[in-house]
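Breakdown of the fold
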Amino acid sequence: MADVYTRAERSALMSKIRGRGNLTTEQALAKLLRRQGWSGWRRQQAVRGRTAAGERFQVRPDFVFPVRRLAVFVDGCFWHGCPRHGTRPQGNAAFWQAKFRRNQARDRRDMRRLRRAGWQVVRLWEHELRPKARGRLLAKLSRLFGRTRKSPARRPG
């Protein structure tokens, strides 16, 4: 079906759409962190630094643990090209291939910058938050934090 808008009109409409990040997967991880009693994190907090060449950079991980200097990214399987679950649209294939390549290049650049600035970086896939994979994810996060979760508070009763 042909688009009812010209390229310029479609571009103007699309430019007004503002993304909210990977909201549902970020909320799922936030819920999991709270349930496990892991605290000290902030969502979408900017991390600023300088490269070895002296240029300034700013990266906005999905979760930042400032005291631990830990940055966590939750990558959507579609947008970041998951090798297991990422799909490739058939229409406008060249555009989408370039888009996924740019996203992955940005991911590598951001990880490199953060690590050189002394941060530990963890990337999680969207599919790791699914209930079937929850046990592996909890084990991975427990290794990161170097401790087991807090015991839940007992309620009288």
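In the block above lies the structure referred to throughout.
In this report, the structure presented in the accompanying data block is examined. These numbers were taken from a predicted model, which means no experiment stands behind them.

Considering the state of the cysteines
Counted by the stated rule, this structure contains zero disulfides. Cys 82 provides the cysteine sulfur closest to Cys 77, a residue in no disulfide bond, and the two sulfurs are 3.9 Å apart. With relative accessibility at 4%, the residue Cys 77 sits in the buried group. Residue Cys 82 is classed as buried on the basis of its relative accessible area, which comes to 4%.

Notes on helix H3 (residues 93-116)
Here H3 contains 24 residues, and its C-alpha end-to-end distance of 35 Å stays within 8% of the 34 Å for a straight helix at 1.5 Å per residue. Along H3, the residues that are buried comprise Phe 100, Asn 103, Asp 107, Asp 110, Met 111, Arg 113 and Leu 114. Contact partners of the buried residues in H3: strand E2 (47-50), strand E3 (56-59), strand E5 (70-75) and strand E6 (120-125). Count one or two residues on from H3 and you reach Gly 118, which has phi positive near 90°.

Things to note about the side chain of Arg 123
For Arg 123, the location among the structural elements is in strand E6. Owing to a relative accessible area of 19%, Arg 123 belongs among the buried residues under this scheme. Of the polar contacts made by the side chain of Arg 123, one reaches the side chain of Asp 107; its length is 3.2 Å. Not counting residues up to four positions away in its chain, the partners in contact with Arg 123 are Phe 73, Asp 75, His 80, Asp 107, Met 111, Glu 128 and Lys 140.

Some words on the nonpolar core
Leu 29, Leu 33, Phe 63, Phe 65, Val 72, Leu 141 and Phe 145 are the most contacted members of the largest nonpolar core, which totals 17 residues. At the level of elements, helix H2 (23-36), strand E4 (63-65), E5, E6 and helix H4 (134-145) are the ones that each hand at least two residues to this core. Take this core: its biggest share by element is four residues, from H2. In this structure, Phe 65 is in contact with Leu 33, Ser 39, Gly 40, Trp 41, Leu 70, Val 72, Trp 119 and Phe 145, ignoring residues within four places of it in sequence.

Observations regarding unusual backbone geometry
Despite not being glycine, Arg 69 shows a phi value in the positive range, around 55°. Mapped onto the elements of the fold, Arg 69 is located in the loop between E4 and E5. On the accessibility criterion, Arg 69 (35% relative accessible area) is partly exposed. Even without being glycine, Asn 92 reaches a positive phi, approximately 55°. With respect to the helices and strands, the residue Asn 92 is situated in the loop between E5 and H3.

Quick notes on a nonpolar patch on the surface
A grouping of Val 4, Tyr 5, Leu 13 and Met 14 is seen on the molecular surface, where their side chains present a nonpolar patch of about 400 Å² in accessible area. Counting through the fold element by element, Tyr 5 comes out in the segment before helix H1 (7-15). Using a relative accessible area of 39% as the deciding quantity, one classes Tyr 5 as partly exposed.

Some points on the pairing of E2
Covered by surrounding structure in E2 are Val 47 and Gly 49 only, the residues Arg 48 and Arg 50 on the alternate face being uncovered. One ladder, built from four bridges, connects E2 with E3; its direction is antiparallel. Residue pairing for E3: Arg 50 is matched across the bridge by Arg 56. Hairpin connection, E2 to E3: the antiparallel pair is bridged by five residues, and Gly 54 has positive phi, about 95°.

Reading the values: the criteria
- Residues numbered from 1 in each chain as written.
- Predicted model: local features only at pLDDT ≥ 70, side-chain atom pairs only at ≥ 80, totals over all residues.
- Heavy atoms only, no water.
- Disulfide = S-S within 2.5 Å.
- Buried < 20%, exposed > 50% of the residue type's maximum accessible area, 1.4 Å probe, protein only.
- Helix = DSSP H or I, 4+ residues; strand = E, 2+ residues; numbered from the N terminus.
- Expected span 1.5 Å × (residues − 1).
- Contact = heavy atoms within 4.5 Å.
- Polar contact = N/O pair within 3.5 Å; in protein donor to acceptor, adjacent residues only side chain to side chain.
- Core = buried A, V, L, I, M, F, W, Y, C linked by side-chain atoms within 4.5 Å.
- Patch = residues over 30% accessible without salt bridge, like charges linked within 9 Å, V, L, I, M, F, W, Y side chains within 5 Å.
- Areas by Shrake-Rupley, 256 points an atom, 1.4 Å probe, with all protein chains shown as cover.
- Salt bridge = Lys/Arg side-chain N within 4 Å of Asp/Glu carboxyl O.
- Pairing = 2+ DSSP bridges.

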